[in-house]
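So you can see what is in the structure, the chains are spelled out below.
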Amino acid sequence: MALIPNDPFRMFNHYWDEMERNYLRGRGKEELSQFLYRVDVEETADQVFVTAEIPGLEKREDLHIEVDEKLLTISGEIKRAASTSERSSHHTERYYGKFSRTLTLPAVVKADGSHASYKNGILELSFLKDRHPAARTIEVDFH
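Right, let's walk through the structure included here. (Residues numbered from 1 in each chain as written. Predicted model: local features only at pLDDT ≥ 70, side-chain atom pairs only at ≥ 80, totals over all residues. Heavy atoms only, no water.)

**Some words on the packing of aromatic side chains**
Thinking step 1. Applying the stated rule across the entire model yields two aromatic pairs.
Thinking step 2. With a centroid separation of 4.8 Å and 35 degrees between ring planes, the pair formed by Tyr118 and Phe142 is classed as tilted. With Tyr118 in strand E6 (residues 115-119) and Phe142 in strand E9 (residues 141-142), this pair connects stretches of sequence that are 24 residues apart.
Thinking step 3. Tyr118 gets classed as buried once you look at its relative accessible area, which sits at 5%. (Phe/Tyr/Trp six-rings, centres within 6.5 Å; stacked < 30°, edge-to-face > 60°. Helix = DSSP H or I, 4+ residues; strand = E, 2+ residues; numbered from the N terminus. Buried < 20%, exposed > 50% of the residue type's maximum accessible area, 1.4 Å probe, protein only.)

**With respect to the nonpolar core**
Thinking step 1. Membership of the largest hydrophobic core comes to 27 residues, with the highest contact counts inside it found for Ile54, Ile65, Leu72, Phe99, Leu123 and Leu125.
Thinking step 2. Broken down by secondary-structure element, the contributors of at least two residues to this core are strand E2 (47-53), strand E3 (63-68), strand E4 (71-78), strand E5 (97-104), E6 and strand E7 (122-128). (Core = buried A, V, L, I, M, F, W, Y, C linked by side-chain atoms within 4.5 Å.)

**A few points about the sheet that holds E6**
Thinking step 1. Spatial strand order, E1-E2-E7-E6-E9: five strands in an open sheet with mixed pairing. Bordering the open sheet on either side are strand E1 (39-43) and E9, each of which pairs with just one other strand.
Thinking step 2. Looking at chain direction, E6 and E7 are connected through five bridges and run antiparallel. Among the inter-strand pairings, Lys119 is bridged to a residue of E7, identified as Ile122. (Pairing = 2+ DSSP bridges.)

**Topic: the pattern of salt bridges**
Thinking step 1. Under the defined criterion, the tally for this structure stands at three salt bridges.
Thinking step 2. Between Glu53 and Arg38 there is a salt bridge whose closest N-O contact spans 2.9 Å. Of this pair, Glu53 sits in strand E2 while Arg38 is found in the loop between helix H2 (29-32) and E1, placing the two residues 15 residues apart along the sequence.
Thinking step 3. Across the salt bridge formed by Lys129 and Glu43, the nearest N and O atoms sit 2.5 Å from each other. With a gap of 86 residues between them, Lys129 in the loop between E7 and strand E8 (136-138) and Glu43 in strand E1 connect regions that are remote in the sequence.
Thinking step 4. Among the residues examined, Glu43 registers a relative accessible area of 42% and is labelled partly exposed. (Salt bridge = Lys/Arg side-chain N within 4 Å of Asp/Glu carboxyl O.)

**With respect to a nonpolar patch on the surface**
Thinking step 1. Where nonpolar side chains cluster on the molecular surface, the patch consists of Phe9, Met11, Phe12, Tyr15 and Trp16 and spans about 670 Å² of accessible area.
Thinking step 2. Take Phe9: it is sitting in the segment before helix H1 (13-23).
Thinking step 3. What makes Phe9 exposed here is its relative accessible area of 57%. (Patch = residues over 30% accessible without salt bridge, like charges linked within 9 Å, V, L, I, M, F, W, Y side chains within 5 Å. Areas by Shrake-Rupley, 256 points an atom, 1.4 Å probe, with all protein chains shown as cover.)

So, in structure tokens, the structure goes:
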């Protein structure tokens, strides 16, 4: 009589497969990147603050920020370090590649007078609230 190994979580396999089929179907890596980075949005009476964790950026050119009224888009690319041919990968969890995240801000903000800085994997943005905004790209201070 052969022994069958007991897998107590086997009953959940159907649910994981169903979730993958329904929620991840047809989505590319860039679309899934919106779930990988944590973002905080806060506001005061006259300002909106956004803090995002985006580790792995090395150059200013790898990050693009655009604000248009209440929509903020943070996009860019995290480049993978060149590996030597002597190494073979067994397990990879870190994200590399293009990413994009669009957020709806709690108020209409001014693009002029905004500030963006990136240090130690944390992107910090601050905007002044406005009633008559215009779309603009924002430069980031890299430290």
